[in-house]
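Analysis of the macromolecular model
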Amino acid sequence: MSERLDGTVALVTGASSGIGEATARELARHGAAMALVARRGDRLERLAADITGAGGTALPLPLDITDQAQAADAVKRTVAELGRLDTVVNNAGIMLPGPILDAPTEEWDRMVALNLQGLLYVTHAALPHLLTAADGGPRQVADLVNISSVAGRHATMGAGIYNLTKFGVNAFTESLRQEVTARHVRVSVVEPGSVETELRSHIREEIRNIVMRRIADIEPMQSEDIADAVAYIVTRPRRVAINELLMRPTEQV
Ligand code: NDP
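Predicted model only: the values in this text are computed from it and were never measured. (Residues numbered from 1 in each chain as written. Predicted model: local features only at pLDDT ≥ 70, side-chain atom pairs only at ≥ 80, totals over all residues.)

Per the UniProt annotation, the sites labelled "domain: Ketoreductase" (unreviewed entry) are residues 8-196. With 49% helix and 18% strand, residues 8-196 has its two end C-alpha atoms placed 29 Å apart. (UniProt positions renumbered as here; feature names shortened; annotations may be inferred. Helix = DSSP H or I, 4+ residues; strand = E, 2+ residues; numbered from the N terminus.)

Below is the structure:
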């Protein structure tokens, strides 16, 4: 029942590594032309070369989506250069856990700026184009997929502000879903547990050691597992909307 994405255009934020990179490769494999957004241009260039080398289309867009003008520019350049926009994967995110008491509040600012504001800016710029795609596009349906986390469903000690941002993503997703689903823009949320990526490399060392000890005995998921889930969501027939997908490594309690 899986449908092809030929003739459609997809934009993935955080495409320079981890889940975003794997998702971009997977959606390209399904036939979508890809707009690749993140700050590290060299990584995006390499990914774009891989995708075009395999017969696909890719547009690297080295931009910082915490800046509203750059987020809007990502969407504008995608539509200008690839012609349309059918699918958005709001994946870029950062996790900086630690106790709330005496926290370095610049870490809070970074999480709120990217996980919430960046996602909002991209969504705001993309929505008119997604509505157009749903109205007259090749599939008569469009998709917005937000990458949240298990941390968007369950709050835990030491993850307070990350929880705040991901609970926010879940709430926003459901509200927007109700607003646009009757117009055939499907709005979905994916909530992964532990995935082996660069995500933890940004955590302060003393906290990172605690996090790593907690997950040491668990075989993590791979980025491709999440990419596969996103591809599943966006390749459903027009009548089917996968609203929410919670996925954990089998050994994660
Ligand atoms: P990575 O650190 O590998 O990827 C994060 C991506 O976000 C990078 O491509 C990074 O690229 C991009 N990014 C960071 N800042 C910005 C910015 N200002 N503007 C544009 N892009 C930016 O981690 P993951 O792949 O693991 O994370 C992807 C998503 O998955 C996140 O939302 C995370 O919260 C979520 N998640 C991850 C889990 C895990 O265990 N790994 C579990 C549950 C959810 P660059 O630095 O080049 O800008």
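From this point, things continue past the structure.
Before going further, it helps to spend a moment on the site of the ligand. Neighbouring the ligand are 29 residues; Gly14, Gly18, Arg39, Arg40 and Gly93 lie closest to it. Elements with a contribution of two residues or more to the shell around the ligand: helix 1 (18-29), strand 2 (33-38) and helix 4 (105-136). The dominant element in the shell around the ligand, judged by the number of residues it contributes, is helix 1, at three residues. In terms of residue class, the shell around the ligand is made up of twelve nonpolar, 13 polar and four charged. (Near = placed C-beta within 6 Å. Nonpolar A, V, L, I, M, F, W, Y, C, P; charged D, E, K, R; others polar.)

Next up on the list: the environment of Leu11. The residue Leu11 is located in strand 1 (residues 9-13) in this model. Residue Leu11 is classed as buried on the basis of its 32 C-beta neighbours within 10 Å. (Buried ≥ 20, exposed ≤ 12 C-beta atoms within 10 Å, placed from the backbone.)

Packing of helix 3 (residues 68-82) against helix 4 leaves a shortest axis separation of 8 Å and a crossing angle of 35°. As for the relative orientation of helix 3 and helix 4, their crossing is right-handed in sense. Contacts between helix 3 and helix 4 involve Gln68, Ala71, Ala72, Ala74, Val75 and Val79 on the former and, on the latter, Gly118, Tyr121, Val122, Ala125, Ala126 and His129. Of the residues contributing to the contact of helix 3 with helix 4, the split by class is nine nonpolar, three polar and no charged. (Axes fitted to C-alpha atoms, helices over the stretch in contact; angles between N-to-C directions. Left-handed = near helix turned anticlockwise from the far one by under 90°. Contact = placed C-beta atoms within 7 Å.)

A few words now on the sheet that holds strand 4 (residues 87-90). Ordered by their spatial adjacency, seven strands build an open sheet running 3-2-1-4-5-6-7, and the pairing between neighbours is parallel. A strand with exactly one partner marks an edge of an open sheet, and here the two such strands are strand 3 (58-62) and strand 7 (244-247). The average angle at which neighbouring strand axes cross in this sheet is 15°, direction not considered. Relative to strand 3, strand 2 runs parallel, the two being bridged by five bridges. Considered in strand 3, the bridge of Ala35 is made with Leu59. Packing against the sheet, helix 5 (residues 160-180) makes contact with strand 5 (142-147) and strand 6 (185-192), and its axis sits at approximately 160° to strand 6. (Pairing = 2+ DSSP bridges.)

With that settled, consider helix 3. In this model helix 3 runs 21 Å from its N-terminal to its C-terminal C-alpha over 15 residues, within 8% of the 21 Å that 1.5 Å per residue would give. Taken as a whole, helix 3 has its buried residues at Ala71, Ala74, Val75, Thr78 and Leu82. Along the axis of helix 3, the buried residues cluster in a sector spanning 85°; they form a single face. Exposed and facing more than 90 degrees away from the buried side of helix 3 are Ala69 and Ala80. Each element contacted by the buried residues of helix 3 is listed here: strand 1, strand 2, strand 3 and helix 4. (Expected span 1.5 Å × (residues − 1). Arc of directions from axis to C-beta.)

On to the nonpolar core. The biggest cluster of nonpolar side chains holds 63 residues, and the ones touching the most others in it are Met34, Leu36 and Val37. A per-element tally of this core places helix 4 first, with nine residues. (Core = buried A, V, L, I, M, F, W, Y, C linked by C-beta atoms within 7 Å.)

This part is about the environment of Val112. Relative to the assigned elements, Val112 resides in helix 4. Here Val112 falls in the partly exposed class, since 16 other C-beta atoms lie within 10 Å of it. Counting along the chain gives 16 residues from Val112 to Leu96, while the straight-line C-alpha distance between them is 11 Å. Once residues lying within four places of it in the same chain are set aside, the contact partners of Val112 are Gln117 and Thr165.

Of all six residues in strand 2, six are buried, a share of seventy percent or more. Of the two faces of strand 2, the one holding Ala33, Ala35 and Val37 and the one holding Met34, Leu36 and Ala38 are both buried throughout. Here strand 1 runs beside strand 2; their pairing, made up of five bridges, is parallel. Its bridge partner lying in strand 2, Thr13 is registered against Val37. Considered for its hand, the β-α-β crossover made up of strand 1, helix 1 and strand 2 is right-handed. (Right-handed = clockwise from strand over helix to strand, strands pointing away.)

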